[in-house]
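Residues per chain, in single letters:
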Amino acid sequence: MRHKVAGILVLLLACPVFWAWLGYQDALYMPVVTGNPVTVEIAKGDSFARITDKLLEQQLPLNPVWFKLLALQDDAFKRLKTGEYELAPGLTMQGILALLMSGKTKQYAITFPEGWNYQQIRQEIEKNPHLDHTLKEGDAVSLMAKLGAQIPHPEGAFFPDTYFFEKHTTDFALLQRAYVKMQTIIDQEWAKKAENLPYKNVYEALIMASIVEKETAAKPERSQIAGVFVRRLQQGMRLQTDPTVIYGIGEAYQGNITYKDLRALTPYNTYVIAGLPPTPIAMPGREAINAALHPDNSDNLYFVARGDGTHVFSASLKAHNLAVDNYQRKKHDTR
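Residues numbered from 1 in each chain as written. Predicted model: local features only at pLDDT ≥ 70, side-chain atom pairs only at ≥ 80, totals over all residues. Heavy atoms only, no water.

### Overview of the pairing of strand β4 (residues 162-166)
Stage number 1. The alternating pattern of β4 places Y163 and F165 on a buried face, while none of T162, F164 and E166, on the opposite face, is buried.
Stage number 2. The pairing of strand β3 (residues 107-111) with β4 spans 5 bridges and is classified as antiparallel. Considered in β4, the bridge of Y108 is made with F165. (Buried < 20%, exposed > 50% of the residue type's maximum accessible area, 1.4 Å probe, protein only. Helix = DSSP H or I, 4+ residues; strand = E, 2+ residues; numbered from the N terminus. Pairing = 2+ DSSP bridges.)

Put into C-alpha cells, the structure is as follows:
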C-alpha cells in the first residue's frame, strides 16, 4: 500500500516537470509565425518586455515566460538590434530571437530607371513612405556640396539602378549611394576610353552619355549614336538633338517640339548652341556611358528615327534627306 502511495506522489510531483518539459520543447520547435509574414519594429530604447508586447500585439501565440527564458539562455537581452524585421512563416520563438539578434532587417526597394532626370528621382524618393525625408525642395546646390561634388548641378550625378534599403534610411543616404556608384562607374569606364575623343574631361563624357541614353533605347545603336555626335563635335557641327531641346523647355514641354522651340535660345538647345549642353540631361546607364567613350568608327553624321525605336544612319546630307522623306514626312528633323 505504501508503495502505491509513494508511486502516486512521485507521479504527481513529476507532472509539473513533465508539462514544463513539453512547454520547453514547444518553445524550441513549434512555429509561432503561421500564415502570412509578420512585421515588427524594434525602436531604440525598447526593453525586452516592450519587444515581447509588440510581438504579442501581432497575435503571435508566443509564451512570454519561455520567450524570456530562451533570451536568457542566448544572452539576447543585450544583443537585439533595432530596426524593422519581417518574421517569415515557420519561425519559432528561438528563430525570432536569432533574427532579432542578426540585424537582418526588412529591406525595401526603389528603382531609378535609365534616362530619368533628377526631378523624377526626387519625386520617386518623396513619395516613398519608408524613407526619412530630410532634404528640402530646391536644395540641389547644398545637396551637391554635402556630397562633396565638384559641380553644383545634380543632373546625371546619380546612377540609375534598383537600391535596397531598410526603413528610416534617409533620402540623403540613398542619393549618396547612387552618387558614389555613378562616380565609380564613370571613372572605371573613363580609364579604358577610346583615343582621340573630343571631351575635355569626364564630365563632358557624362553629358554625352546622357544624350545617347535619351536618343535611343536600342542597345546595338548606342555606339552609332555616340559616333554621330562625336564626329559632329570634331567637325564643328551642331549636335541638333531633340532630347536636349526638350530638357531646355522643361515643364512647359507638351509632347511636341515646335519650330519656335527649335529656334529658342536656351543653354540646352543644340540646334542653336555649339558643342555640348552645360550639364547632362538625364541619368545614363553603364551601356550609354560605355558607348559615349567607345563611339563607332563609321562616317555617319546624321540619323533619323524609323518610328519603331531604331534609326537610319547616313554619312551625307543627301542620303539623310531621303531617309527623312521616307520616315519623317510629317515631322521636323534637320539633323
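### Focus on the packing of aromatic side chains
Stage number 1. Taken as a whole, this structure holds 9 aromatic pairs when the rule is applied.
Stage number 2. Aromatic pair Y108 and F165: ring centres 6.1 Å apart, planes at 35 degrees, arrangement tilted. Of the two residues, Y108 sits in strand β3 while F165 sits in strand β4, which places them 57 residues apart along the sequence.
Stage number 3. For F165, a relative accessible area of 2% translates into the label buried.
Stage number 4. On the basis of an interplanar angle of 45 degrees and a centroid distance of 5.8 Å, the ring pair of F303 and F313 is categorised as tilted. (Phe/Tyr/Trp six-rings, centres within 6.5 Å; stacked < 30°, edge-to-face > 60°.)

### What about the side chain of D261?
Stage number 1. Locating D261 in the fold gives a position in helix α11 (residues 259-263).
Stage number 2. For D261, which is buried and forms no salt bridge, the nearest opposite charge comes from K260, at a distance of 7.0 Å.
Stage number 3. At a separation of 2.9 Å, a polar atom in the side chain of D261 contacts the main-chain amide nitrogen of T258.
Stage number 4. Not counting residues up to four positions away in its chain, the partners in contact with D261 are V245, I249, N256 and N269. (Lys, Arg positive; Asp, Glu negative; His and termini not counted. Salt bridge = Lys/Arg side-chain N within 4 Å of Asp/Glu carboxyl O. Polar contact = N/O pair within 3.5 Å; in protein donor to acceptor, adjacent residues only side chain to side chain. Contact = heavy atoms within 4.5 Å.)

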